[in-house]
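# Inside the fold
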Amino acid sequence: MNTYRPVAPQWLRLVGIVACAMLFGLCARGGTAWVLGFVALVPWLLALNAERSVGGVLRSACLMSLAFSAAVMLWFGAAFGAYVGIGTTWGVLILLLLSPLLQAQFLVFALVRHWVGLRYGPLLRAIAGAAAWVACEWLFPKLLGGTLGHGLQPSAIFRQVADLGGAAGLTFLLILVAEALACAIGRRHEGLRRIAAPLALAACVVLAMGGYGWLRLTHLSAVLAEPAPTLRVGLIQANLTDYERRRQEQGAYAVVRESLDTHFALSRSAVELHGAEALLWSETVYPTTFGQPRSEDGAELDAEILAFVDELGVPLMFGTYDRDSAGEYNSAAVVEPRRGLLGHYHKTHPFPLTEYVPSWLDGPLFRSLVPWAGGWQAGYGARVFPLQTKDGREVSVLPLICLDDMRSTLAIEGARLGAQAILGLSNDSWFTDYPLGARLHLSVASFRSIETRLPQLRVTTNGLSAVVDETGEVLVSTEMGSQVVLAAEVPARDPQPTLMLRWGDWVGQAGLIFLLGLVACTLWQRLAARFAPVRPQPGTVQGDAWVVAIEPAWRVVFTLLRLSAAAGLLWLALDMLLQRGLQVNSIVQIRVFLFAVAGPSIVAWFIQRRYTGRFRIEAGYLVLDLPHQRIEVPLQQIIALEPWRLPLPRSGLHLRLASGERLRPAIAIDDPLALHSALVNAGSSATLADGLSKRLA
């Protein structure tokens, strides 16, 4: 059992929290500061190790969430306050007050880590803490989807690991490295041997991440160098913001008219000067319903957009609204020359309270308290559209609107539906005075390309529009507050397979399952300890004990049967996870289970039962009572115990006799030290053969 002892006064623990927050603040600003992500948690972990009570751990976690919000997310409070009209001061104050809820992963991580640390060793404590972190962020996603792993985006090599487990997987590994470093620092006064293991663990994790990232990047570079048909897309960043203020000053029609005229002019430039074969406008650029006009003016504007697309002869995707019997949606419309409206994609993740209000919360009282709350509905999931050029080339694209690119699910779903590129539409105008927010949004969105290996084009109202390749590299991005036409080519290439595409956003779920399993094991141990009979201490034998006395040939057969059953079970698991999507409905699966798992297991059980008996020591003899024979060996003839080098099918040992031969059969036993202790206590001079045998025992 581990116990926490205070290693620093309270003021030094506060210094650790502040230092941790400052390191995260530097990481959030990008550049070469990404390397700090491996050590940023260390000061707080050392502070946590000094807390002995649950109250102290909880207090430390709350302070850490507050410091993190102040160092990394302060811009969000200011931008939110300005956006909803309550002022930046109130926005920041609300953010800080709600930080324990908005950054709940700190609390969950600290409490789980403390609970596990009191019962198990530092390695399991580290794994459980990391699992709790990613499980919490999976169960309760943040508004902007950020996690520690996003800090590695500037590293071309390390970010490639995200195609295995997403940004959550990177977070898990970063926490393990920080835990190992904190453990080494805590053992610094105990000698080199004590710090070698945690330092080796940290080094192995970092080297494994770097090695995988380098190999993946090398492979992708070769794939991307191969020729493929392309579609040249023009991204229109018109820099028209503050629709609501301009609507009140100019009127709704004048605002829509200005927006369309500006986008028409820039789009003509994209086609005529930049060779664009398709056009992409930003979110809500046409701030009324398209295809279902509300008035005659709306119908005329709809017809004008259709005529404009026919005139240019290129497909257009743009942000607008749509409606049906359930309500109104923030959507993306796709229009093709001569074919008209292909359809709408409805934004799946509208921003809570400002765009979407759950039905259970909505009502007159809520609307009076939160007048800025919107009334849009949430969409129904990913949708893929074909964009076709005049000469017949076609690229299947997945539209994502604003917060849709903050989570992995939609991008993965779209890639499974056949998408060859991601087209992002966003209105990041509320980041105008806070460009750090726009940069973080782009950084998080780029991980969708790593996870799915799909190129991504993002257009925003006034920046940062960008082109992201399949490795997550931001090839080019625009300035905030500028009017720009950006042209980029999208290859018509199917994505490279990734574990994220096969398993989905699995890391958080795996973390939750691990924690539930750990809780179940702990409860089972407590119940077993409460109701189990009194047992002797390890290394002693009372009365007789069960053993399996088995001939070498049958041991080989027994081992092969056990390995066959394990291999069959592994094949079934991999087949379910990688090929069948966790479905259990195949005749092949049933046959494999019967013949490769159940059959060998049953035969192995019968073999074990045939050779299972008891051993005891009586009258100077070691007695083995087996079902078909009785073996008696004088204790003075036993000179050494030789544990099996390979503990298959379980742990066991050979008895070396004074004649130099080994006793046949060999003995499979769970605790070889117990048998050795029993022999010595009975007067035998038997020893463990050598140092290795002692370690094996």
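Residues numbered from 1 in each chain as written. Predicted model: local features only at pLDDT ≥ 70, side-chain atom pairs only at ≥ 80, totals over all residues. Heavy atoms only, no water.

### Points about the nonpolar core
- In terms of nonpolar packing, the biggest core is built from 72 residues, with Leu41, Trp44 and Trp75 touching the most fellow members.
- Residue contributions to this core peak at ten residues, all from helix H9 (residues 162–186).
- Ignoring anything within four residues of it in the chain, the contact list for Trp75 reads Leu144, Phe431, Tyr434, Leu436, Gly437 and Leu440.
- Among the nonpolar cores identified, the runner-up in size contains 36 residues, and Ala415, Leu454, Val467 and Leu501 belong to it. (Core = buried A, V, L, I, M, F, W, Y, C linked by side-chain atoms within 4.5 Å. Buried < 20%, exposed > 50% of the residue type's maximum accessible area, 1.4 Å probe, protein only. Helix = DSSP H or I, 4+ residues; strand = E, 2+ residues; numbered from the N terminus. Contact = heavy atoms within 4.5 Å.)

### Digging into the pairing of strand S1 (residues 230–237)
- The element S1 is largely enclosed, with a buried count of six among its eight residues.
- Where S1 lies against strand S12 (residues 484–491), eight bridges are found, and the strand directions are antiparallel. Among the inter-strand pairings, Gly234 is bridged to a residue of S12, identified as Ala487.
- Two elements, S1 and strand S2 (residues 278–280), share three bridges in a ladder whose sense is parallel. (Pairing = 2+ DSSP bridges.)

### Describing the pattern of salt bridges
- Within the structure shown, the criterion is met by 28 salt bridges.
- A salt bridge links Glu355 to Lys347; the shortest N-O distance between them is 2.8 Å. Like Lys347, Glu355 is buried.
- With a shortest N-O distance of 3.4 Å, Arg458 and Asp405 are connected by a salt bridge. You can see Arg458 sitting in strand S9 (residues 456–460) and its partner Asp405 sitting in the loop between strand S7 (394–401) and helix H15 (408–416), a full 53 residues away along the chain. (Salt bridge = Lys/Arg side-chain N within 4 Å of Asp/Glu carboxyl O.)

### Focus on the sheet that holds S12
- Strands sit in the order S5-S4-S3-S2-S1-S12 across an open sheet of six strands; the sheet is mixed. Both edges of this open sheet fall to strand S5 (340–346) and S12, since each of them pairs with a single strand only. Put simply, the sheet's adjacent strands are angled 40° from each other on average, direction ignored.
- This element, helix H12 (residues 252–274), spans S1, S2 and S12 of the sheet and lies at about 145° to S1. (Axes fitted to C-alpha atoms, helices over the stretch in contact; angles between N-to-C directions.)

### Remarks on the packing of helix H1 (residues 10–28) against helix H3 (residues 54–72)
- Interhelical geometry of H1 versus H3 gives an angle of 35° and a closest axis separation of 8 Å. Here H1 runs over H3; the crossing is right-handed. Every residue of H3 that contacts H1 at Gln10, Leu14, Ile17, Cys20, Ala21, Phe24, Gly25 and Ala28 is listed here: Arg59, Ser60, Leu63, Met64, Ala67, Phe68, Ala71 and Val72.
- Of the residues that constitute the contact of H1 with H3, the class distribution is twelve nonpolar, three polar and one charged. (Left-handed = near helix turned anticlockwise from the far one by under 90°. Nonpolar A, V, L, I, M, F, W, Y, C, P; charged D, E, K, R; others polar.)

### Topic: the confidence of the model for the protein
- Model confidence for the protein is summarised by a mean pLDDT of 86, while 93% of its residues fall at 70 or above.
- Overall, residues 1–6 carries pLDDT values under 50, and its contacts beyond four positions in sequence, including any with other chains, amount to 20 contacts.
- In the model, residues 534–543 has pLDDT below 50 throughout and makes 13 contacts with residues more than four positions away in sequence or in other chains. (pLDDT = per-residue confidence, 0-100.)

### Structural notes on unusual backbone geometry
- Cis geometry marks the peptide bond from Gly463 to Leu464; its omega dihedral reads 5°.
- Looking at the element boundaries, Leu464 is found in the loop between S9 and strand S10 (466–468).
- Cis geometry is adopted by the peptide bond preceding Pro665, which originates at Arg664 and carries an omega value of 10°.
- Within the fold, Pro665 resides in the loop between strand S18 (652–657) and strand S19 (666–668).
- Of note in the backbone geometry, Asn239 takes a positive phi value of approximately 60° without being a glycine.
- Judged by relative accessible area, Asn239 falls into the partly exposed class, the value being 28%.

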